[in-house]
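Summary of the model geometry
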Amino acid sequence: MHELTARLQDLLERFRAGQRVALGRGITLVENERPGFQAFLHHVLVSGIRAARVGVTGPPGAGKSTLVAALASAWLAEDEEVGVVAVDPTSPFSGGALLGDRIRMNDLATDPGIFIRSMATRGSLGGLAATTREVLDLMDGFGFPRLLVETVGVGQTELEITGAADTVVVVLVPESGDGIQAMKAGLMEIADIFVVNKADRPGADRLLKEIRAAIHLRGPAGGPPDATAGHHGVDLSRIGSDAAPKESRRWEPPEGWTIPVIKTVAHAGEGLVELRAAIAAHRTHLVESGELEVRRLARTETRIRDVVERELRRRAWADPTAREHLASGPDRVVGGDETPYSVAAEIVNGLMRGESRE
Ligand SMILES: Nc1nc2c(ncn2[C@@H]2O[C@H](COP(=O)(O)OP(=O)(O)OP(=O)(O)O)[C@@H](O)[C@H]2O)c(=O)[nH]1
Ligand SMILES: [Mg+2]
């Protein structure tokens, strides 16, 4: 099951030797789900998850990339290597420089301490690409102690970032409109840290106050915590390809953690020291409270579930008997003898009985 072909074994050895080209190849392998990608991931992941993962999300143009670049270069200056995944809903290099204009992408990308990967999302709504978590795992396995993932948060999709990051930084800007509105959209529930970027523009202080008030209001009065809640009351089991939560979720204030709200002017580096301090403090909180473990367990459960579902789907349609039923099914259904349910039951029961001739 986890045996590697000679070619992938060779790739794994070069990956383990720290060759960046091998990391790039590994990512391509995983992104395209080429044969053997599961086995490759298995071998990369047996050594465990170590990196501190920070997600940066918020509306389009909020300055996420500029912040990510600034954070990355600050860590690099302290000899901390950084892996960056930017998930772009449109095209990988749209909207100007991938990592903002102040610290130019090219300057950063040639630094051996950083690895930047841009991925397109599966839809136009933002959120994560299908294999973002796997790519983060590869960077983790490669040895980057810090990982940054940038996603555009629009509507429900930003919830997914809780499945990829330990610490979620939500970036809002004065011109993103009514701050409270943004929180209703779900950003409130996933933030470990709020950033009010573009603080050089009018309305920043008002937004700051609104967010603080909302945190205060929704905190203790949030209602009884949901027993199945994962990250901040978000049921991680419902985050996935076809599992977008539909009803409103209860917000559970993270115990012992007061969500900081930090003003920044990202392209000028203002507020960066405070933001880095907040990220470090949140890390300490996660470790000391045991919350890191809780989040990792919840994430891992979701991952196992996803891998099982993907594998079941793959096996189902690789099965010749199932494919025969699928081919003949529509005729029988339209002819009135059967329904999609009876055909599906036939297929599923066949698979369960192990009639597979794969
Ligand atoms: N005035 C002002 N402009 C900023 C600030 N931070 C970023 N910008 C500018 O805002 C624009 C968008 O910044 P990005 O960092 O690309 O924003 P983003 O959130 O990554 O954008 P998308 O990835 O396209 O959603 C760029 O022109 C930045 O230079 C800020 O604090 N103040
Ligand atoms: Mg960006």
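Residues numbered from 1 in each chain as written. Chains lettered and ligands numbered in written order. Predicted model: local features only at pLDDT ≥ 70, side-chain atom pairs only at ≥ 80, totals over all residues. Heavy atoms only, no water.

Some details on the pairing of strand β1 (residues 52-58)
Using the following cut-off: Throughout this description, buried means an accessible area under 20% of the type-specific maximum (1.4 Å probe, protein chains only), exposed means over 50%, and partly exposed covers the range between. Secondary structure elements follow DSSP: runs of H or I of four or more residues count as helices, runs of E of two or more count as strands, with numbering from the N terminus. Here, a strand pair is defined by DSSP locating no fewer than two bridges between the strands.
Burial within β1 is extensive, with 7 of its 7 residues counted as buried. Side chains Ala52, Val54, Val56 and Gly58 project from β1 onto one buried face, and the interleaved Arg53, Gly55 and Thr57 project onto a second face that is buried too. Of the pairings in the sheet, the one linking β1 to strand β4 (residues 146-152) comprises 7 bridges and is parallel in character. Paired with alanine 52 across the bridge in β4 is arginine 146. Pairing of β1 with strand β5 (residues 167-172) involves 4 bridges; the strand directions are parallel. Bridging across to β5, glycine 55 finds its partner in valine 168.

What to know about the packing of aromatic side chains
Inclusion rule: Here the aromatic set is Phe, Tyr and Trp, taking the six-membered ring for Trp, and pairing holds for ring centres within 6.5 Å; pairs whose planes are under 30 degrees apart are stacked, those over 60 apart are edge-to-face, and all others are tilted.
Tallied over the full model, the rule gives 3 aromatic pairs. Where phenylalanine 15 meets phenylalanine 40, the ring centres are 5.8 Å apart and the plane angle is 85°; that geometry is what we call edge-to-face. One end of the pair, phenylalanine 15, is in helix α1 (residues 6-16); the other, phenylalanine 40, is in helix α3 (residues 37-45), with 25 residues separating them in the sequence. Take phenylalanine 15 and phenylalanine 40: they sit in the same class, and that class is buried. These aromatic residues form a ring-pair network of at least three members: Phe15, Phe40, Phe142 and Phe144.

Regarding the pattern of salt bridges
Threshold: Salt bridge, as used here, is a side-chain nitrogen of Lys or Arg placed within 4 Å of a carboxyl oxygen of Asp or Glu.
Counted under the stated rule, the structure contains 22 salt bridges. For arginine 133, the salt bridge is made with aspartate 306, and the minimal N-O distance between the two is 2.6 Å. Placement of the pair is arginine 133 in helix α6 (residues 132-142) and aspartate 306 in helix α10 (residues 291-318), with a sequence separation of 173 residues. Of the residues examined, arginine 133 reaches a relative accessible area of 15% and is grouped as buried. Between aspartate 137 and arginine 303 there is a salt bridge; the shortest N-O distance is 2.9 Å.

Overview of the coordination of the magnesium ion (ligand 2)
Metal coordination angles have textbook ideals: 109.5 degrees for a tetrahedral set of four donors and 90 or 180 degrees for an octahedral set of six. Quick reminder of the rule: Only nitrogen, oxygen and sulfur atoms count as donors, using a 2.8 Å cut-off from the metal that widens to 3.2 Å for Na, K and Ca. Water is left out, so coordination shells may look unfilled.
Each protein donor to the magnesium ion (ligand 2) is listed here as Ser65 (OG) and Glu150 (OE); together their distances run 2.0 to 2.2 Å. With a gap of 85 residues between them, serine 65 in helix α4 (residues 64-77) and glutamate 150 in strand β4 connect regions that are remote in the sequence. In this structure, serine 65 and glutamate 150 share a single accessibility class: buried.

Digging into the sheet that holds β5
Put simply, the rule reads: Between N-to-C directions, angles cover 0 to 180 degrees, with each direction set by a line fitted to C-alpha atoms, over the stretch in contact for helices.
An order of β3-β2-β4-β1-β5-β6-β7 is seen for the 7 strands of this open sheet, with the pairing classed as parallel. In this open sheet, the two edge strands, each paired with only one partner strand, are β3 (114-120) and β7 (261-263). Averaged over all pairs of adjacent strands, the angle between strand axes in this sheet comes to 20°, irrespective of strand direction. Bridge count for strand β2 (residues 82-88) against β3 is 7 bridges, and the pairing is parallel. Bridge pairing in β3 links valine 87 to methionine 119.

Section: the packing of α10 against helix α11 (residues 320-334)
The condition is simple: Note on angle classes: values under 35 degrees are labelled roughly parallel, values over 145 roughly antiparallel, values of 65 to 115 roughly perpendicular, and the remainder oblique. The contact definition used throughout considers only heavy atoms, calling two residues in contact when any of these lie within 4.5 Å. Each residue gets one label: Ala, Val, Leu, Ile, Met, Phe, Trp, Tyr, Cys and Pro are nonpolar, Asp, Glu, Lys and Arg are charged, and the others, such as Gly, are polar.
Interaxial distance between α10 and α11 falls to 5 Å at its minimum, and their mutual angle equals 75°. When the axes of α10 and α11 are compared, the pair comes out roughly perpendicular. In contact with Ala316, Trp317 and Ala318 of α10, α11 contributes Pro320, Ala322, Arg323 and Leu326. When grouped by side-chain class, the residues that make up the contact of α10 with α11 number 6 nonpolar, no polar and 1 charged.

Here we look at α6
Among the 11 residues of α6, 10 are classified as buried, and the element is accordingly described as predominantly covered. When α6 is considered as a whole, its buried residues turn out to be Thr132, Arg133, Glu134, Val135, Leu136, Asp137, Leu138, Met139, Asp140 and Phe142. Following α6 by one or two positions, glycine 143 has its phi on the positive side, about 115°.

Things to note about the nonpolar core
Filter applied, for reference: Take the buried Ala, Val, Leu, Ile, Met, Phe, Trp, Tyr and Cys residues and link them wherever side-chain atoms come within 4.5 Å; each set so joined is a nonpolar core.
Phe40, Leu138, Leu148, Val169, Phe194 and Leu275 are the most contacted members of the largest nonpolar core, which has 77 residues in total. Sorting elements by how many residues they give to this core places α4 first, with 8 residues. Sequence-distant contacts of phenylalanine 40, that is, excluding residues within four places in its chain, are made with Leu4, Leu8, Leu11, Leu12, Phe15, Gly26, Leu29 and Leu138.

So, the environment of valine 173
Along the chain, the position of valine 173 falls in the loop between β5 and α7 (179-190). C-alpha of valine 173 to C-alpha of alanine 199: the two residues are 26 residues apart in sequence and 7.6 Å apart in space. Contacts of valine 173, omitting those with residues within four sequence positions, involve Ala62, Asn197, Lys198 and Leu207.

A word on the side chain of threonine 132
Of note, threonine 132 is situated in helix α6. Other than its neighbours up to four places away in sequence, threonine 132 contacts Val85, Val87, Met119 and Val149.

Thoughts on the confidence of the model for the chain
Stated precisely, the cut-off is as follows: Every residue gets a pLDDT, meaning the predictor's confidence in that residue, from 0 to 100.
For the chain, per-residue confidence averages 81 on the pLDDT scale, and residues scoring 70 or more make up 76% of the total. Confidence drops under a pLDDT of 50 for residues 91-103, and excluding neighbours within four residues, the segment shows 27 contacts in the predicted structure.

As for the site of ligand 1
Rules: We call a residue near a molecule or strand when any one of its heavy atoms sits within 4 Å of it. In the analysis that follows, any N or O atom pair within 3.5 Å is treated as a polar contact, provided that within protein one partner can donate a hydrogen and the other can accept it, and provided that, for residues neighboring in sequence, both atoms belong to side chains. Shrake-Rupley sampling with a 1.4 Å probe provides the accessible areas, and residues are treated as covered by the protein chains on show and by no other component.
Residues in contact with ligand 1 amount to 17 residues; listed here are only the nearest, Gly63, Lys64, Ser65, Thr66 and Asp200. One of the backbone N or O atoms of glycine 61 is found 2.9 Å from an oxygen atom in ligand 1. Across the complex, the protein chains shield 81% of the 650 Å² of accessible surface that ligand 1 would expose by itself. A breakdown of the residues in the shell around ligand 1 according to their chemical character gives 5 nonpolar, 6 polar and 6 charged.

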